[in-house]
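# Chains, contacts and geometry: an overview
This is what each chain is made of:
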Amino acid sequence: MRKGLHVAVAGATGAVGKEMVKVLEERNFPVNELKLLASQRSIGLTMPFRGEELPIELLTEKAFSGIDLGLFSPGAAVSKEFAPIAAQQGCVVVDNTSAFRMNPDVPLVVPEVNAHAIAHYTNKGIIANPNCSTIQMAVVLKPIHDAARVLRVVVSTYQSVSGTGKEAIDELEAQTISIMNCRPVTKKVYPHQIAFNCLPHIDVFLDNGYTKEEMKMVNETKKIMEDPSIRITATTVRVPVFYSHSESVNIETERKLTVDQVRDILSKSPGVRVVDDPSTNTYPLAIDAAGQDETLVGRIRDDESITCGINLWIVADNLRKGAALNAVQIAEILAEKYL
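A few points on the structure.

### Points about the nonpolar core
Counting residues in hydrophobic clusters, the biggest one holds 55 residues, and the most contacted among them are F64, I144, V153, L266 and L312. Looking at this core element by element, the count peaks at 8 residues for helix α4 (residues 132–148). Other than its neighbours up to four places away in sequence, I144 contacts R149, V150, I251, T253, L257, V262, I265, L266 and L312. One finds L5, A38, Y121 and A335 within the second-largest nonpolar core, a separate group that totals 38 residues.

So, in structure tokens, the structure goes:
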């Protein structure tokens, strides 16, 4: 692995940006210099990295001079503006926003699934990080697809408020406190109360009746798996949980897999940990996945309504594997093989 990369994190003060900095340090990524970039309102702040307090610098067109690698999570509009500028200056961008995911010239990568696609970063100088809910499902689908070919997926998600950002975390906390103290609830981030509630609505509604988040899961999964024939339908739900996304996934395969076979396949799969013992009420929980790198899978059982069906419950920390960790894993492969 190359030593001494000059790295920039764009959107460093957001929930994902902070996690990116944390993961870079935890995994001892070969950083020679780290530049933390954000908007004007964050200027004057600092963030800890390897025992130092690094200043937040303004995200500008000139910020990427001499930078080898940029980890981006500043919002799609900002990434659309600045990622190409950074790439033109020789900075390879790993972008966590939705800005470039479906661009045919930009690889969309989950390292455990399609690490080979990283080589195509030369097309635009940009690699896209998938949607958080897509990543954890793809990590589990891939080994099953390799073993028995996935034909159809029906997924319902139960996504934590941290997927929306710090303001949503604060809103859930404030609403919970208000309700417990018999005070009125204030809504700013979500159209309805999120505390003690479930909202079957993530991102904007589209003309087909699905939300943008749901169609992200459909389209991104096909691109990552490199198989457009997989039929996928999704319902995404926001739930009053602070961290970690949970998913109920129903999979129809071409060839029959037994429950034991699925457990065995997944127990040997990179980035996956099987947590599945109904006799002791052991199954993946959001609170257990928080802070963990692995994607947890359990409630593995036959779908008795079809011949070749399996049901799974998948949980992962949306800020780590669903965002920051996946981006850093891509960066590690870049540093080892390409930069």
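After that view, the rundown keeps rolling.
### Quick notes on the sheet that holds strand β8 (residues 150–159)
Strand pairing in a sheet relies on backbone hydrogen bonds, with the paired strands running either antiparallel or parallel. Spatially, β9-β8-β10-β13-β12-β11 is the arrangement adopted by the 6 strands of the open sheet, whose pairing is mixed. In the strand order of this sheet, the two ends are held by β9 (231–238) and β11 (272–274), each with one partner. Averaged over all adjacent pairs, the angle separating strand axes in this sheet is 20 degrees, with direction ignored. The sheet contact formed by β11 and strand β12 (residues 295–302) spans 3 bridges and is parallel.

### Quick look at helix α9 (residues 320–338)
Under the 1.5 Å per step criterion, the end-to-end length of α9 is only 24 Å for 19 residues, more than 12% shorter than the ideal 27 Å. Maximal helix bending in α9 amounts to about 35 degrees, located at N326. Judged by how many residues are buried, α9 sits mostly within the fold: 16 of 19 residues are covered.

### A closer look at the packing of α4 against α9
The geometry of α4 relative to α9 is characterised by a closest axis approach of 8 Å and an angle of 85 degrees between their N-to-C directions. Regarding the angle of α4 to α9, the classification is roughly perpendicular. Seen from α4, the contacting residues are C132, I135 and V139; seen from α9, they are K321, G322, A323 and N326. Looking at side-chain class alone, the contact of α4 with α9 contains 4 nonpolar, 2 polar and 1 charged residues.

### So, the side chain of H245
Here H245 shows up in strand β10 (residues 245–253). A polar side-chain atom of H245 sits 2.9 Å from the main-chain amide nitrogen of S160. In this structure H245 touches C132, S133, Q136, Y158, Q159, S160, G163, R238, I314, V315, A316 and N318, once residues within four positions along its chain are discounted.

### Quick look at the packing of aromatic side chains
One pass over the structure, following the stated rule, counts 3 aromatic pairs. Here the aromatic rings of F64 and F72 are separated by 5.4 Å at their centres, their planes lie at 20 degrees, and the arrangement is stacked. Looking at F64, the relative accessible area reads 0%, which means it is buried. An angle of 45 degrees between the planes, with centres 5.4 Å apart, marks the rings of Y158 and W313 as tilted.

### Looking at the environment of K216
Examined against the element boundaries, K216 turns out to sit in helix α6 (residues 212–225). Here the alpha-carbon distance between K216 and P278, two residues 62 residues apart in the chain, equals 32 Å.

### Quick look at the pattern of salt bridges
Summed over the entire model, instances satisfying the criterion amount to 17 salt bridges. Linking K256 and D302 is a salt bridge whose minimum nitrogen-to-oxygen distance equals 2.9 Å. Here D302 lies in strand β12 and K256 lies in the loop between β10 and α7 (259–267), a separation of 46 residues in the sequence. Here K256 falls in the partly exposed class, since its relative accessible area comes to 34%. With relative accessibility at 34%, the residue D302 sits in the partly exposed group. Each member of the salt-bridge network shares a partner with another, and the members are E19, E26, R27, D293, R320 and E332.

### Section: the environment of S305
Mapping S305 onto the fold places it in the loop between β12 and β13 (309–316). Distance in space between the C-alpha atoms of S305 and A234 is 19 Å, their sequence separation being 71 residues. One polar contact links S305 to D303, side chain to side chain, over a distance of 2.6 Å.

### Some details on the layout of surface pockets
Counted as a void, the largest pocket has a volume near 1300 Å³. Among the secondary structure elements, those contributing two or more residues to the lining of the largest pocket are α1 (15–26), β3 (46–49), α2 (76–88), α5 (166–180), α6 and α9. Counting residues per element, the lining of the largest pocket draws most heavily on α1, which supplies 4 residues. A class-by-class count of the residues in the lining of the largest pocket yields 18 nonpolar, 22 polar and 9 charged. In this model, the second largest pocket occupies a volume close to 240 Å³. The wall of the second largest pocket is formed by 15 residues, among which A15, E19, I169, Y243 and L319 lie closest to the centre. For the lining of the second largest pocket, the leading source of residues is α1, giving 4 residues. Considering only residue class, the lining of the second largest pocket consists of 5 nonpolar, 3 polar and 7 charged.

Rules used in this analysis
Residues numbered from 1 in each chain as written. Predicted model: local features only at pLDDT ≥ 70, side-chain atom pairs only at ≥ 80, totals over all residues. Heavy atoms only, no water. Core = buried A, V, L, I, M, F, W, Y, C linked by side-chain atoms within 4.5 Å. Buried < 20%, exposed > 50% of the residue type's maximum accessible area, 1.4 Å probe, protein only. Helix = DSSP H or I, 4+ residues; strand = E, 2+ residues; numbered from the N terminus. Contact = heavy atoms within 4.5 Å. Pairing = 2+ DSSP bridges. Axes fitted to C-alpha atoms, helices over the stretch in contact; angles between N-to-C directions. Expected span 1.5 Å × (residues − 1). Bend = angle between axes of the 7 residues up to and from the residue. Parallel < 35°, antiparallel > 145°, perpendicular 65-115°, else oblique. Nonpolar A, V, L, I, M, F, W, Y, C, P; charged D, E, K, R; others polar. Polar contact = N/O pair within 3.5 Å; in protein donor to acceptor, adjacent residues only side chain to side chain. Phe/Tyr/Trp six-rings, centres within 6.5 Å; stacked < 30°, edge-to-face > 60°. Salt bridge = Lys/Arg side-chain N within 4 Å of Asp/Glu carboxyl O. 1 Å grid on protein atoms, 1.4 Å probe; cavity = no way out; pocket = protein on both sides within 12 Å on 5 of 7 lines; lining within 4 Å. Points joined across faces, edges and corners; volume = space filled by probe spheres on them.

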